[in-house]
Amino acid sequence: MNLLVLSRNPQLYSTSRLVLAARSRGHTVTVADPLQFRIVIAKGLPAMFLNDAPIGRTDMVIPRIGASITNYGLAVVRQFDMMGVPVLNNAVAIARSRDKLRAMQLLTKRKIDVPTTVCARTPESVELSLKLVGGTPAIVKLQQGTQGIGTMIAETPQAVTSLLEALWAMGQDIVLQEYISEARGADLRAIVVGGRVVAAMRRQARAGEFRSNLHRGGSSLRIDLDKRYAQAAVAAAKVMGLEVAGVDMLESKTGPKILEINSSPGLEGIERATSVDVAGAIIAHAERLLARRAKRRKKDDVVEGERRSTRMRESLIPVPVAGGKRVNLVRGA
Ligand SMILES: Nc1ncnc2c1ncn2[C@@H]1O[C@H](COP(=O)(O)OP(=O)(O)O)[C@@H](O)[C@H]1O
Ligand SMILES: [Mg+2]
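## A look at the domain arrangement of the protein
Split by domain assignment, the protein resolves into domain 1 (2–89) and domain 2 (116–179). For domain 1 and domain 2, the distance between their C-alpha centres works out to 36 Å.

## Examining the sheet that holds strand β4 (residues 47–50)
As summarised here, the arrangement of the three strands in space is β3-β4-β5, forming an open sheet in which the pairing is antiparallel. Each edge of the open sheet carries a strand with a single partner, namely β3 (37–40) and β5 (53–54). Relative to β5, β4 runs antiparallel, the two sharing two bridges. Along β5, the bridge assignment pairs L50 with A53.

## Points about the site of ligand 1
Around ligand 1, the surrounding shell holds 25 residues, and the nearest of these are P115, T151, I180, R211 and S212. Only β8 (138–146), β9 (149–154), β10 (174–178), β14 (244–252) and β15 (255–262) provide two or more residues apiece to the shell around ligand 1. It is β8 that contributes the most residues to the shell around ligand 1, four residues altogether. Classifying every residue of the shell around ligand 1 gives ten nonpolar, nine polar and six charged.

How each quantity is defined
Going along each chain's sequence as written, the residues are numbered from 1 onward. Naming scheme: in the order in which they are written, chains are lettered from A and ligands are numbered from 1. Side-chain atom pairs in this predicted model are given and counted only at pLDDT of 80 or more, local residue features only at pLDDT of at least 70, and totals for whole chains, interfaces and linings cover all residues. Each domain's extent was defined by an automatic or database domain assignment. The criterion for strand pairing is that DSSP finds at least two bridges linking the strands in question. Per the convention used, a helix needs a DSSP run of H or I reaching at least four residues, while a strand needs a run of E reaching at least two, with both numbered from the N terminus. The rule is simple: place the C-beta atom from the backbone, and if it lies within 6 Å of a molecule or strand, the residue is near it. When residues are sorted by character, Ala, Val, Leu, Ile, Met, Phe, Trp, Tyr, Cys and Pro go into the nonpolar class, Asp, Glu, Lys and Arg into the charged class, and all the rest, Gly among them, into the polar class.

The following block contains the structure:
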């Protein structure tokens, strides 16, 4: 198949691994920067150019949209979707998972556990908000943060108040969250591909840090995910509607609590920690999706063909009307 990886930089570990995995499975791959696309919006005829040329034949798009270009990147993904090109993670699913508040709202609607999270916009309500998340220490989080940047811990109510006030003054959307202390600086990352966990690791924050992100100096270890955790990860990816997802979970006293779901999970940390060919698993899933789609098309063609021949027969055989009742001569004819 002709694969297109949307990524700003072909040198990135994740991008180059996807390219290698696709080539080794006999596919043709192109990497293109989402910002190089020209989107044409016209009634009934969505189209797209890459630089000055109309885009070539594309069987499947794998988006790796960085947080800094979310809006334009998602417009490109949506355009492919509208043009009938299958995308591995559609624009709505990516947008859902990228907004932490939106993601949490959807997860809890489906009874999936998350740390208690409060969102408010007035300083007067800080005391109540803090009570709702179990007091300090509490987590203050930017709704759109990544790589640990934008996730803070506040040790005292005063610290919470001043953090919230400062961030509100800067126009940031934030949430206050229960601090899961028993996780002790560790979290679990499960990679879910096509509704199945293909790899999992435990990440441990470095000394003096509560965030386990590898970008913040955390270390990682391969793990066999407990069934409850695997089920939670798969359910979370499903609620988001993501075909490929990196699901972050905390191990709490009461079981898995989902922290966030990443639509473009980094492959370097997980592949190094687990030696699993995650890129290969993603390409294999793209193949399965395409095969499923082709089968559906074929079935649709058969059904449509059958309908067409029935319509033709019905139009050829006159249907007599007896006593106002329609007699179908076609059946059994
Ligand atoms: N409520 C929490 N309780 C304990 N640790 C947390 C909590 N929220 C986040 N962390 C730690 O901070 C890290 C980063 O938080 P996360 O919400 O995943 O933001 P980011 O999108 O920046 O990775 C997590 O991987 C986890 O180690
Ligand atoms: Mg995270």
